Amino acid sequence: MSGVQPEKLRGRQGNAICALLLATSVLALLRPAPLHAQETELRGEVSESAILSDQQRKARNLVLAQQAAANAAAQDNAPARTYLPASAGAVPDDADAANSTTSVFDPPQASDDASADAPTPPKPRRASAARQNAADKAKDKVADRKKKKKSTTAATDPTTTATTAATDDTGDNAAVQEAANRRALTIDSVDKQKLDAGAERTAAIEGLNKKPEDDPFAATGVKWGSFIIRPTIEQGLTATTNGDSSSVGTSALLSETALRFTAASDWRENSATIDGYGIFRETVSGYPVHDAQGRIEGQLDVDLDHELRAIAKLGYEAVPESASSPDAIAGVSTQPLRQTIDGSIGVEKAVGKMQYTLTGAVSHDFYGDAKLSDGTSLSQKDQDNTLYTATLRTGYEISPALTPFTEIEVGRRAYDQRIDNEGFERSSTRLGARAGLELELGEKLSGEFSAGWLREAIDDNSLEAISGATLNADLKWSPQRGTTIGLTGKTTVETTTTSGESGDILYSGRLTGERVIRSDLTANAALGLDWRDYVGIDGHDRILSAEAGLTWWLNRYAGLTSRVRTEKLTSNLPGRDYTANSIFVGVKVQR
């Protein structure tokens with residue numbers, strides 16, 4: 001035959017070799033490879049007694065195995081028998097396994113013999129960092145102990161030294177093996193610690209020192225929807241030397257009831273408040289007095305945009321005409337009831353340090369009929385009027401604490417009855433200007449005060465215009481915690497329908513003080529000065545008043561209250577002077 005084989009025969013031999021190699025590889029892959037996961041310990045929670053028993057058993061087996069190996073080595077210098085796995089998949093005790101960098105998921109190593117059945121077992125995986133660190137620490141501790149023992153047993157004989165060294169080696173190997181085989185702790189093992197029966201018992205939460213309240217007797221309020229309402233009722237008796245504070249009034253014992261409430265929203269951005277009060281007085285004995293008065297008002301603050309805010313107010317008030325008022329009607333059994341509905345809406349805008357506020361307000365007064373002594377009534381409809389005003393306020397913030405400002409006010413007062421019963425046109429045009437300072441020093445000092453000029457020109461040329469200086473203030477000063485000093489001032493234009501008179505300007509000022517003597521004892525005092533300047537006639541009134549009170553709280557919800565008051569009016573007009581002294585004692589309840 002020729003030495004060169006045909007191309008067809010060479011191709012068949014190559015295909016046979018490839019098929020044989022492919023079949024061998026498939027058999028090697030299908031044969032299950034041992035994994036080192038078989039030697040890893042179980043995971044999960046194990047009781048402490050089981051862990052201790054397992055560790056002691058391992059230590060004993062290790063010591064016995066080492067002693068047997070040492071005895072066999074002493075008797076026969078033959079090399080130790082190589083460990084053979086008892087079952088397929090067991091891992092031999094290879095000293096170099098700790099330094100191996102292979103993984104349990106690596107494929108089995110290929111053998112030179114393609115027909116070999118058993119693949120080479122994979123090397124064990126590298127010990128974890130936690131186990132390696134534990135083993136290193138155990139070795140360091142053992143080394144320290146060996147050094148200490150060597151220093152104390154340096155003078156012993158060779159036999160004793162050899163025995164001690166063997167014992168130390170056995171102990172070292174056991175400690176290292178114990179540290180390496182220690183079971184991993186569970187995640188919640190720290191929380192599941194044994195209770196110490198001798199530990200000191202932790203005190204109850206109720207026994208801890210709680211921070212004292214700033215005002216332990218303040219009203220807690222009642223939750224109603226998104227509002228917190230704080231109602232208050234005061235009931236007591238008033239003994240007075242002048243029942244209705246008039247020039248003809250006499251002494252009387254009155255039953256007095258006062259209802260007050262405040263409601264505030266707990267909204268996140270905007271806010272709303274509602275305040276109201278009602279006072280009812282009835283004669284128990286003495287000078288006849290039967291009157292009731294009250295007011296309710298609300299305010300809504302809305303943030304429209306950056307540095308832009310809207311403020312809306314609405315209120316209603318019902319107050320009988322005071323017997324000391326210039327418009328009081330003599331010889332009547334009941335003065336007319338004056339009712340007022342007022343509202344305003346304003347927009348505040350801050351541009352840098354400049355602050356602008358534009359406010360529009362409407363106030364409508366309407367009067368009831370006066371009841372005469374003979375049982376008939378006298379209409380007061382000619383006093384009904386509506387006041388429209390617009391105010392522009394401009395301020396400049398010198399600092400967060402000081403903001404000077406100016407105000408310009410224009411308005412119109414329109415009477416429902418253009419010509420009154422005496423034939424005068426009482427409608428008027430209003431114009432005013434003010435300048436002031438706004439203070440904001442936190443709890444120490446806050447508020448504002450202003451001074452200016454106001455003029456209200458009446459349409460009827462025969463009546464003199466009402467004009468004069470204006471003073472307004474609303475300041476609160478707290479020199480120390482628990483003490484509050486307040487100063488309020490107001491200028492009011494009072495109209496009249498008396499023939500030939502235009503009206504008057506009333507200046508009112510109050511200086512108040514409140515002191516918390518103890519958490520359950522509060523004292524208050526007030527001084528008042530009113531000055532009324534009549535327009536069109538040479539007349540004026542001066543009213544001086546002083547008041548002092550004390551409230552003792554029995555608990556958070558009830559207390560005893562009392563106050564004394566004196567008031568004196570002096571006028572250059574006939575029939576207006578009077579003096580009234582009174583004392584009140586009652587009970588105050590709040591929620």
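What counts as what
Residues numbered from 1 in each chain as written. Predicted model: local features only at pLDDT ≥ 70, side-chain atom pairs only at ≥ 80, totals over all residues. Heavy atoms only, no water. Helix = DSSP H or I, 4+ residues; strand = E, 2+ residues; numbered from the N terminus. Buried < 20%, exposed > 50% of the residue type's maximum accessible area, 1.4 Å probe, protein only. Contact = heavy atoms within 4.5 Å. Areas by Shrake-Rupley, 256 points an atom, 1.4 Å probe, with all protein chains shown as cover. Phe/Tyr/Trp six-rings, centres within 6.5 Å; stacked < 30°, edge-to-face > 60°. Lys NZ or Arg CZ within 6 Å of the ring centre and 35° of its normal. Salt bridge = Lys/Arg side-chain N within 4 Å of Asp/Glu carboxyl O. pLDDT = per-residue confidence, 0-100. Polar contact = N/O pair within 3.5 Å; in protein donor to acceptor, adjacent residues only side chain to side chain. Core = buried A, V, L, I, M, F, W, Y, C linked by side-chain atoms within 4.5 Å. Pairing = 2+ DSSP bridges. Patch = residues over 30% accessible without salt bridge, like charges linked within 9 Å, V, L, I, M, F, W, Y side chains within 5 Å.

Student: Help me understand the overall build of the protein chain in this model?
Tutor: From N to C terminus, the protein chain includes four helices and 22 strands. By the burial criterion, 25% of the 591 residues in the protein chain qualify as buried. Across the protein chain, the fraction of contacts at a sequence separation of at least 24, relative to all contacts at a separation of at least 6, is 55%. Counting every atom, the protein chain has about 38,600 Å² of accessible surface; 58% of that belongs to carbon and sulfur.

Student: What's the story with the packing of aromatic side chains in this structure? I'm lost.
Tutor: Here a ring pair, both rings aromatic, is described through the centre-centre distance and the interplanar angle of the planes. Scanning the model with the defined rule gives one aromatic pair in all. Here Phe227 and Trp267 contribute two aromatic rings whose centre-to-centre distance is 5.8 Å and whose plane-to-plane angle is 75°, an arrangement assigned as edge-to-face. Highlighted residues: Phe227 in strand β2 (residues 227-240) and Trp267 in the loop between β3 (252-265) and β4 (271-286), separated in sequence by 40 residues. Given a relative accessible area of 36%, Trp267 falls into the partly exposed group. In this structure, Arg393 packs its charged tip against the face of Phe405, placed 3.6 Å from the ring centre.

Student: Looking at this structure, how should I read the pattern of salt bridges?
Tutor: Two side chains of opposite charge can pair, provided their charged atoms sit close to one another. Under the defined criterion, the tally for this structure stands at 28 salt bridges. For Arg434, the salt bridge goes to Glu407, with nearest N and O atoms at 3.1 Å. Pair noted here: Arg434 is in strand β14 (residues 428-440) and Glu407 is in strand β13 (residues 402-415), with a separation of 27 residues, a long-range link. Exposure remark for Arg434: the relative accessible area of 13% places this residue in the buried category. Asp541 is the salt-bridge partner of Arg532, the closest N and O atoms lying 3.3 Å from each other. Residues Arg532 and Asp541 agree in their burial class; the two are buried. Through salt bridges that share partners, Arg393, Glu407, Glu409, Arg413, Arg430, Arg434, Glu438, Glu448 and Glu456 make up one connected network.

Student: Where do I start with the confidence of the model for the protein chain in this structure?
Tutor: Should the pLDDT be low somewhere, the predicted coordinates at that spot are not to be read in detail. With 70% of its residues at a pLDDT of 70 or more, the protein chain shows a mean pLDDT of 80. Confidence drops under pLDDT 50 across residues 1-7; counting only partners more than four residues distant or on other chains, this segment forms two contacts. Long-range and interchain partners of residues 110-119, a stretch whose pLDDT sits below 50, account for six contacts in this model, where long-range means more than four residues apart.

Student: Before we go on, may I ask you to explain the side chain of Arg413 in this structure?
Tutor: As for its position among the elements, Arg413 is in strand β13. Residue classification places Arg413 among the buried residues on the basis of a relative accessible area of 6%. At 3.1 Å, the side chain of Arg413 forms a polar contact with the side chain of Asn385. Other than its neighbours up to four places away in sequence, Arg413 contacts Asn385, Thr386, Leu387, Ser427, Ser428, Arg430, Glu456, Val493 and Thr495.

Student: Honestly, the nonpolar core in this entry has me stumped. Any pointers?
Tutor: Looking at soluble globular proteins, one finds that nonpolar side chains tend to be buried together. The biggest cluster of nonpolar side chains holds five residues, and these are Leu454, Ile466, Val493, Ile505 and Val535. Residues in contact with Leu454, not counting those within four places in the same chain, are Arg430, Leu431, Gly432, Ile466, Ser467, Gly468, Thr470 and Val493.

Student: Got a minute to help me understand the pairing of strand β6 (residues 308-320) in this structure?
Tutor: Direction of pairing for strand β5 (residues 290-305) relative to β6: antiparallel, over a ladder of 11 bridges. What sits directly across from Gly294, in β6, is Ala318. Linking β5 to β6, which pair antiparallel, is a turn of two residues; within it Glu307 sits at a positive phi near 60°. Pairing geometry for β6 and strand β8 (residues 337-351), over 13 bridges, is antiparallel. Note on β8: the bridge partner recorded for Leu314 is Gly343.

Student: I'm lost on unusual backbone geometry in this one. Help?
Tutor: When glycine is set aside, most residues are seen to have a negative phi, and most peptide bonds are trans. Although it is not a glycine, Ser245 sits at a positive phi angle of roughly 55°. Structurally, the position occupied by Ser245 is in the loop between β2 and β3. Classification of Ser245 as partly exposed rests on a relative accessible area of 22%. Even without being glycine, Glu307 reaches a positive phi, approximately 60°.

Student: Please explain the environment of Ala401 as it appears in this structure.
Tutor: Relative to the assigned elements, Ala401 resides in the loop between β12 (385-396) and β13. Overall, the relative accessible area of 16% leaves Ala401 in the buried class. With 45 residues separating them along the chain, Ala401 and Ser446 place their C-alpha atoms 8.7 Å apart. Ala401 has contacts with Glu438, Leu439, Glu440 and Leu441, leaving out every residue within four places of it along the chain.

Student: Looking at this structure, I do not really get a nonpolar patch on the surface. What am I missing?
Tutor: Together, Ile233, Leu259, Phe280, Trp552, Leu554, Leu560, Val587 and Val589 make up a nonpolar patch on the protein surface, roughly 670 Å² of accessible area in all. The topology assignment puts Leu554 in the loop between β20 (540-553) and β21 (558-571).

Student: Looking at this model, I keep getting lost on the pairing of β4. Mind explaining?
Tutor: Every other side chain in a regular strand lies on the same face of the sheet, so the side chains alternate between the two faces. Where β3 lies against β4, 13 bridges are found, and the strand directions are antiparallel. By the bridge assignment, Leu253 is partnered in β4 with Ser285. What sits between β3 and β4 in their antiparallel hairpin is a turn of five residues. One ladder, built from 12 bridges, connects β4 with β5; its direction is antiparallel. Each bridged residue has a counterpart across the sheet, and for Gly278 the counterpart in β5 is Gly294. Taken together, β4 and the strand that follows it, β5, pair antiparallel across an intervening segment of three residues.

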